[in-house]
Amino acid sequence: MFLQLREFKISNFRKINYYEAKLNGNWISIVGTNSSGKSSIINALTFLSDFEAPNPFDIRNDSDSSYYEFDEVEASFSVNLLLSIEGSYREMMNNSSFRKTIFEIYKIERNGIISNNEKKETPAKLEINPSLNRVTRILEKIEEKTQLYSILEEGYIQASNDEFNKHPDFEPYSTLFDNNCIKSFDELSESIKFIEIFYQITVSDEPLLRIRFLDKERKMIINDRIFYHLIKGCEAFDHPMTFIYGFILTFFKGVINTLVYENHEESDEKLRHLLLRKGENLLDKLRHDLIYCPEKTETIKANFEKIFGTTLDFKLVRFDGSSTIQARIGNTDHTIINYLADGMKRVLNILVQLEDCDGGILFIDEVELHLHPRACKVLREILSQNKSTAQIITTTHSPIFIDPSYIDYIVLNQLESGKVRSSILDSDEISEALSAIGSSGVDVLFFELVIRVEGPSDVIYLEKFLSIFLEQTPYSRLINKIGIFQYGGKSVLIHMDLKKSKKLNSKTIFVLDGDNPGNKTDFDRRDRDFLKKCNEVGIFCWITKRREIENYLTAEILEKSFSLEPNSLEISEYDDVFLKLPRNLGLIKSKGEKMKTKLAKKVRDYITLDSLKTNVEIFNELSDFIKNVIQLAEK
């Protein structure tokens, strides 16, 4: 592993006013409800890899209609990143993918110089154009397999002779000197443990980009201004930002977005001209691997077959002097890549990027998109096998991709008062927290508020109660933001560590069935003890005033559900609903969860707001509980 993203800060991007997170792991999953900023984070982190002009829709601005006028708006956003170097700086600079990316950028730079000069100069003048000569020289060096570290070292030596020795007192150079002697390039590079990158992009101005190299104490060793002098010393390029752009682009090789065009005939041409979109385009990568790295292609095909259970083959097709890639799934005919199913096309993007991400960072937004759960599980295995050579940062809505046995850290996004707040859970904390709440699932992470009830039938009833009380009100939007889960019985409550369980979701409500106050049992003591624990950590607990959630059903609901005679049932607070029903219904022989769940599903459709209003006490008790739910959800 050469590089890891350790910290990042984002401001004024899309819906994010300000966001920061500190990371430590090879696989990080960012989770949260819809509109909690997950995709915005990935888009901000990979913004430079698009290498495009800023999009005004991405940048927050509260001005008037001039927001859409590029020459008037002053909106901007910024991202600050801290990346740690695992291993030596020499290894990182000599990484083949880094050299390849820099080579592509210089090639684009050279083509741009030629194109601009052809419009205003004769071919003879092109030959002596100094900018073209510099870029051509660096291209030749890289093409000759010269290690980038050697190129930098050459620039450092030349720059130190030409510049640093002349101005040893110049403050920016001070970190390069030790006892009035300039440090060797090896000595300097071995001290580099972190890279700090700050970029600010405005709609109307050029991007502001700063880069600093830091030691293990995060003290600055060298900044971008001096770094540019090193490169300038070997006349690598004209523009001071070209190399730094390339430097950053290399480390933000995200997964290529699935590209879908209405006119498929244009798609190949558009793909070919897509400039390093989140790394490089898919067809160019496949073409390169087929010709120069066939072993990578074989790995891609093998992993594809593991995920989908069908073979994949590629064919290089030449047409009118150019070439493109066609794919064949199983025994079907070869077809262009964009004709593949969305899930297959997305997985192919991921696998291609994964093969070329050794030592870098792989960003995947909604990793489970278009995939069957079985395919997700296999993809999870493949990503996990590669996390020792690449840092993987994903966003997800799927519990499959936040399994603590695979994921190192989870970044949990939660909306609080319109702002996105992050909290970090490592794999041990996730496991402990899930164990503390008596659950092996992690769905609790995806809701703004979690209600925990005793059994599966309670989930059914409470979901129905919430729905009918909240629908047709201003709070109906909360229905999909509230998750209801079972904790498995009161005996589980004794072992719960509420401080750990609260880490999964800070807005949690526990619902305990009330017991007959006339019967002094151990459960009454457990209720009191558990309520005390909830108060200590700030978790709301509702101990019902009835024996079970089922007892909030009125006799009218049950009579209609089972086509009984009106007024044939009488149900009090502490009666057993099962025992009140006639024996010939076949629902009273067992008090097991399956029978209770069967009853709940049977009566659910008969529960209405009007039917609950027939019992004033029941209606008032449920109304008070719903008010508490709304208050906590809106907090």
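Look a little higher up for the structure.
As a starting point, this report considers the structure included with it. (Residues numbered from 1 in each chain as written. Predicted model: local features only at pLDDT ≥ 70, side-chain atom pairs only at ≥ 80, totals over all residues. Heavy atoms only, no water.)

**As for the overall build of the protein**
Phase 1 of the analysis: A tally of regular secondary structure across the protein gives 25 helices and 20 strands.
Phase 2 of the analysis: Scored against the burial criterion, the 635 residues of the protein give a buried share of 52%.
Phase 3 of the analysis: Restricting the contact set of the protein to residue pairs at least 6 apart, pairs at least 24 apart contribute 69%.
Phase 4 of the analysis: For the protein, the accessible area works out to roughly 29,800 Å², and carbon and sulfur atoms hold 47% of it. (Helix = DSSP H or I, 4+ residues; strand = E, 2+ residues; numbered from the N terminus. Buried < 20%, exposed > 50% of the residue type's maximum accessible area, 1.4 Å probe, protein only. Contact = heavy atoms within 4.5 Å. Areas by Shrake-Rupley, 256 points an atom, 1.4 Å probe, with all protein chains shown as cover.)

**As for the pairing of strand β2 (residues 16-22)**
Phase 1 of the analysis: Judged from the six bridges that link them, strand β1 (residues 3-13) and β2 form a sheet pairing that is antiparallel. Opposite Phe8, over in β2, you have Ala21 as the bridge partner. (Pairing = 2+ DSSP bridges.)

**Regarding the packing of helix α14 (residues 342-355) against helix α15 (residues 373-386)**
Phase 1 of the analysis: Running from amino to carboxyl end, α14 crosses α15 at an angle of 10°, the nearest separation of the two axes being 11 Å. If you check the angle between α14 and α15, you find them roughly parallel. Between α14, through Ile350, Leu351 and Leu354, and α15, the contact on the second element is made entirely by Leu379, Ile382, Leu383 and Asn386. (Axes fitted to C-alpha atoms, helices over the stretch in contact; angles between N-to-C directions. Parallel < 35°, antiparallel > 145°, perpendicular 65-115°, else oblique.)

**Thoughts on the pairing of strand β19 (residues 508-512)**
Phase 1 of the analysis: Among the five residues that make up β19, five are buried, leaving the element largely enclosed by the rest of the structure.
Phase 2 of the analysis: Neither face of β19 is left uncovered, since the one carrying Thr508, Phe510 and Leu512 and the one carrying Ile509 and Val511 both have all their residues buried.
Phase 3 of the analysis: As judged from the three bridges shared by strand β17 (residues 449-453) and β19, these two strands associate in the parallel manner. Pairing of Ile451 across the sheet is with Ile509, part of β19.
Phase 4 of the analysis: Pairing geometry for β19 and strand β20 (residues 540-543), over four bridges, is parallel. Paired with Leu512 across the two strands is Ile543, which belongs to β20.

**Topic: the nonpolar core**
Phase 1 of the analysis: Ranked by size, the top nonpolar core spans 68 residues in total, and within it Leu5, Phe8, Leu81, Tyr89, Phe164, Tyr199 and Ile393 carry the most contacts.
Phase 2 of the analysis: It is helix α7 (residues 148-164) that provides the largest number of residues to this core, a total of seven residues.
Phase 3 of the analysis: Judged by nonpolar contacts, the second largest core, of 50 residues, contains Phe304, Ile329, Val367 and Leu445. (Core = buried A, V, L, I, M, F, W, Y, C linked by side-chain atoms within 4.5 Å.)

**Concerning helix α6 (residues 130-143)**
Phase 1 of the analysis: For α6, spanning 14 residues, the distance from its first C-alpha to its last is 20 Å, which sits close to the expected 20 Å at 1.5 Å a residue.
Phase 2 of the analysis: Among the residues of α6, those classed as buried are Ser131, Leu132, Val135, Ile138, Leu139 and Ile142. Along the long axis of α6, the arc covered by the buried residues comes to 135°, so they all point the same way. (Expected span 1.5 Å × (residues − 1). Arc of directions from axis to C-beta.)

None of this, on its own, says anything about what the molecule does.
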